[in-house]
Amino acid sequence: MADDSLALGDLLTIATQATARGAELIRTREPGHLAGKGDRDYASEVDLAVERELRAFLADATPHVGFLGEEEGVSGVGDGPQWVLDPVDGTVNFAHGVPLCGVSLALVRDRRPVVGVIELPLLGSRYTATLGGGAWRDGQPIRVRGTTRLPDALVNLGDFAVGDEAAERNAARLALTQRMARGALRVRMLGSAAIDLVWVADGRTDVSIALSNKPWDMAAGTLIAREAGAAVVDIDGTPHSLDSFATIAAAPPLLDEVLAQVRAAADDGGLT
């Protein structure tokens, strides 16, 4: 059946069936061998198992939809809609027994996410959204907090960079950490972009800032955050897209103050 003949609700059902399969693997398997992907980065056996399981399931359920996975790349139809998967967002947490990890799956059409599911199997939560359909946790609607001042805000920051030129890339991240430590209520680094974004959507935190934008990390979470009422933008304040440099989600009253701090940190760290 072609994707265009399926409503977003039908595609959401398929996506939740897929992430449930991945969540079961995370709950029931040990990380196993950790295969290096570069400087201080790796994939577990469960990352690979989840991606292969969901790739096969979605190819059968939606054969006219392409697939992009973090670990093994693109398969299926090259043009048109595409499933985008991070099989274990927060692999380092998972490998260390820290329960802040999950399966992040989005359907992208015309380079924007229209279905998003983030399942947190070790926390027992599932977050979902469709474009224009609101955001939900375990079937209950969610909404961002109404925090209006940065000194009252709990801020999530994305991980520090690893790999090539990590020191140079981390200059702005360190500057941002320093600025937020001075200005925000508290600063957290959770180690999972998916959790950073859905917890803003769910009102558990107020701001998420990542100086990065990989589609498997961000596609599902940015849709869920936006559908929950968050402002989701790039560093220049334009609406976030797959082509953005950074990923910033915040309760709308906080956005101007947050962007001012991020841009100042970018200047401090030599990004501009």
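Above this text sits the structure in question.
Right, let's walk through the structure included here.

Conventions used here
Residues numbered from 1 in each chain as written. Predicted model: local features only at pLDDT ≥ 70, side-chain atom pairs only at ≥ 80, totals over all residues. Heavy atoms only, no water. Pairing = 2+ DSSP bridges. Helix = DSSP H or I, 4+ residues; strand = E, 2+ residues; numbered from the N terminus. Axes fitted to C-alpha atoms, helices over the stretch in contact; angles between N-to-C directions. Contact = heavy atoms within 4.5 Å. Parallel < 35°, antiparallel > 145°, perpendicular 65-115°, else oblique. Left-handed = near helix turned anticlockwise from the far one by under 90°. Nonpolar A, V, L, I, M, F, W, Y, C, P; charged D, E, K, R; others polar. Core = buried A, V, L, I, M, F, W, Y, C linked by side-chain atoms within 4.5 Å. Buried < 20%, exposed > 50% of the residue type's maximum accessible area, 1.4 Å probe, protein only. Polar contact = N/O pair within 3.5 Å; in protein donor to acceptor, adjacent residues only side chain to side chain.

**Here we look at the sheet that holds strand β15 (residues 247–250)**
- Strand order in this open sheet of 5 strands is β12-β11-β13-β15-β14, and the pairing throughout is mixed. A strand with exactly one partner marks an edge of an open sheet, and here the two such strands are β12 (186–188) and β14 (231–233). The average angle at which neighbouring strand axes cross in this sheet is 15 degrees, direction not considered.
- Bridging between strand β13 (residues 207–210) and β15 involves 4 bridges; their strand directions are antiparallel. If you follow Ile209 over to β15, its bridge partner there is Ile248.

**Examining the environment of Phe57**
- In this structure, Phe57 sits in helix α2 (residues 45–61).
- In the structure, Phe57 is positioned 156 residues away from Asn213 in sequence and 26 Å away in space, judged by C-alpha atoms.
- Beyond its immediate chain neighbours, meaning those up to four positions away, Phe57 contacts Ile14, Gln17, Ala18 and Arg21.

**Comments concerning the packing of helix α4 (residues 166–183) against helix α7 (residues 255–268)**
- Orientation of α4 relative to α7, taken along the N-to-C sense of each, is 140 degrees, at an axis distance of 8 Å. Classified by the interaxial angle, the pair formed by α4 and α7 is oblique. In the packing of α4 onto α7, the handedness of the crossing is right-handed. Along the contact surface, α4 presents Ala172, Ala175, Leu176, Arg179 and Met180, while α7 presents Val258, Gln261, Val262, Ala264, Ala265, Ala266 and Asp268.
- Looking at the contact of α4 with α7, its residues break down into 9 nonpolar, 1 polar and 2 charged.

**A short note on the nonpolar core**
- In this structure, Ile118, Leu120, Tyr127, Ile142, Val198, Trp199 and Ile224 are the most contacted members of the largest nonpolar core, which totals 34 residues.
- Secondary-structure elements contributing two or more residues to this core are β6 (102–109), β7 (112–120), β8 (125–130), α5 (193–201) and α6 (215–227).
- Sorting elements by how many residues they give to this core places α5 first, with 8 residues.
- If near-sequence neighbours (up to four positions away) are discounted, Ile142 is found in contact with Tyr127, Ala135, Trp136, Arg137, Ala201, Asp202, Ile224 and Ala228.
- Residues Leu11, Ala49, Leu58 and Val103 belong to the second largest nonpolar core, which totals 27 residues.

**Quick look at the side chain of Thr91**
- For Thr91, the location among the structural elements is in helix α3 (residues 91–95).
- Judged by its relative accessible area of 10%, Thr91 falls in the buried class.
- A distance of 2.8 Å separates polar atoms of two side chains, one belonging to Thr91 and the other to Asp47.
- In this structure Thr91 touches Tyr42, Ala43, Ser44 and Asp47, once residues within four positions along its chain are discounted.

No statement about biological role is implied by the geometric values presented.
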